[in-house]
Amino acid sequence: RAIADGLNVDELFYEVWITGENQNQSDLTNATKLYQARTDMQYDDANKRMKATITLDLVNDQNFTVLFWAQKSGINVYNTTELTAVTYTNTAANAYAANDNRLDAFYSKAFVIDGATTTPTVTLRRPFAQVNLCTLNSKEAAQVDGNYNITLVSSKMRLDAVPTVFNVSTSAVSGYVALEFAANTVPSGEDQMIEVSGQDYYYAGMNYVFAGSNIRLTYDIQTKLNGTVDANVNNIVSNVPLKENHRTNIVGNLLT
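Here is a short report on the structure shown in this document. What you see is a predicted model; the values in this text were computed from it and never measured. (Residues numbered from 1 in each chain as written. Predicted model: local features only at pLDDT ≥ 70, side-chain atom pairs only at ≥ 80, totals over all residues. Heavy atoms only, no water.)

Concerning the side chain of glutamate 15
Operational definition: Helical segments are the DSSP runs of H or I of at least four residues, strand segments are the runs of E of at least two, and each set is numbered from the N terminus. Residue burial is assigned from relative accessible area. The probe radius is 1.4 Å, only protein chains are included, and a residue is buried under 20% of its type maximum, exposed over 50%, and partly exposed in between. The term polar contact refers here to a pair of N or O atoms within 3.5 Å; inside protein, the definition further demands a hydrogen-donor-capable atom paired with an acceptor-capable atom, and it admits residues adjacent in sequence only when both atoms are side-chain atoms. By the convention used here, residues are in contact when the closest approach between their heavy atoms is within 4.5 Å.
Looking at where glutamate 15 falls in the secondary structure, it is placed in strand 1 (residues 11-18). Glutamate 15 gets classed as buried once you look at its relative accessible area, which sits at 0%. At 3.0 Å, the side chain of glutamate 15 and the backbone nitrogen of leucine 83 are in polar contact. Not counting residues up to four positions away in its chain, the partners in contact with glutamate 15 are Lys33, Tyr35, Gln36, Thr65, Val66, Leu67, Thr81, Glu82, Leu83 and Thr84.

Digging into the packing of aromatic side chains
Short version of the rule: Pairing of aromatic rings covers Phe, Tyr and the six-membered ring of Trp, with a centre-to-centre limit of 6.5 Å; geometry is then stacked below 30 degrees between planes, edge-to-face above 60, and tilted otherwise.
As enumerated under the stated definition, the model contains 10 aromatic pairs in all. Ring plane angle 40 degrees and centroid distance 5.8 Å describe the contact between tyrosine 78 and tyrosine 88, whose orientation is recorded as tilted. In this pair, tyrosine 78 sits in strand 6 (residues 78-79) while tyrosine 88 sits in strand 7 (residues 86-88), placing the two residues 10 residues apart along the sequence. Of the two residues, tyrosine 78 and tyrosine 88, both sit in the buried class.

Observations regarding the side chain of glutamine 71
When you line up the elements, glutamine 71 lands in strand 5 (residues 64-71). Taking the relative accessible area as the measure of exposure, glutamine 71 reaches 8% and is therefore buried. For glutamine 71, the side chain forms a polar contact with the side chain of tryptophan 69, separated by 3.0 Å.

Some words on the nonpolar core
Across soluble globular proteins, you tend to see nonpolar side chains buried next to one another. Condition: What is meant by a nonpolar core is a set of buried Ala, Val, Leu, Ile, Met, Phe, Trp, Tyr and Cys residues, joined one to another through side-chain atoms within 4.5 Å.
Counting 53 residues, the largest nonpolar core has Trp69, Tyr78 and Ile221 as its most contacted members. Of the residues forming this core, the biggest block, seven residues, is contributed by strand 16 (residues 199-210). The contacts of isoleucine 221, once residues within four sequence positions are left out, are Leu133, Leu152, Ser154, Ser155, Ala204, Ala231, Asn232, Val233, Leu254 and Leu255. Formed by 14 residues, the second largest nonpolar core is a distinct cluster that contains Tyr14, Met41, Val66 and Phe106.

Quick notes on the sheet that holds strand 19 (residues 246-252)
Counted only if it meets this: Should DSSP find at least two bridges between two strands, the strands are regarded as paired. Axis angles are defined between N-to-C directions and span 0 to 180 degrees, where every axis is a line fitted to C-alpha atoms and, for a helix, only to the segment in contact.
Pairing in this open sheet of four strands is mixed, and the strands run 15-16-10-19 from one edge to the other. Of all the strands in the sheet, the pair left with one neighbour each is strand 15 (193-196) and strand 19. Ignoring strand direction, the axes of neighbouring strands in this sheet form an average angle of 45 degrees. The pairing of strand 10 (residues 128-135) with strand 19 spans seven bridges and is parallel. Bridge pairing in strand 19 places valine 131 opposite threonine 248.

Given below as structure tokens:
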């Protein structure tokens, strides 16, 4: 679906580390960081994805780990000064708008063996879980004698005890806080639908969060009744399972 096509990212950060004799060394605690650089990403029409090509001139007699982080430029959501500790730039309540696909990002790493001259292809994946509120067609789900039509307007989402720090090298998370995404309009147009287990649902909410365990999630969905009366639907879901690079879909008649 278009809301998760990954095409919003347009800049790539990469870090080069000297990692000693172990080419698969993920723990960079005792490694030496050489530098971080940034480049633009371009749309690869043949493969329908974003892509960047970089060239690294590295000395012999060393092994290297290269870390990658791709994101949307200009939104100032993630602090990428150190790719071993990517953080949210703000963790205050209502720091970021909910349902904003520009918060999407991707990461990976690669290893360069002493003396090797190669042209590897590195595929990046999301460091997040995508948390989706998915509701059945609002009109069909809430209609009574043909008189009631509930329309989705906006939603917000709060998650307790979610990580705020992500290590690109180890995929480890830390720094747990409560994080609230401020009310924002729900996805619309081509982005408004999501398919789960063969059933089409409307997006009532969508957010990317670093994956923790046993998350307590609170959502508030603003609706309009017959196009005029505003109403809020809110609920709390405990022990929400989140997994990196996977969706967690909360589905059903959320509006009724």
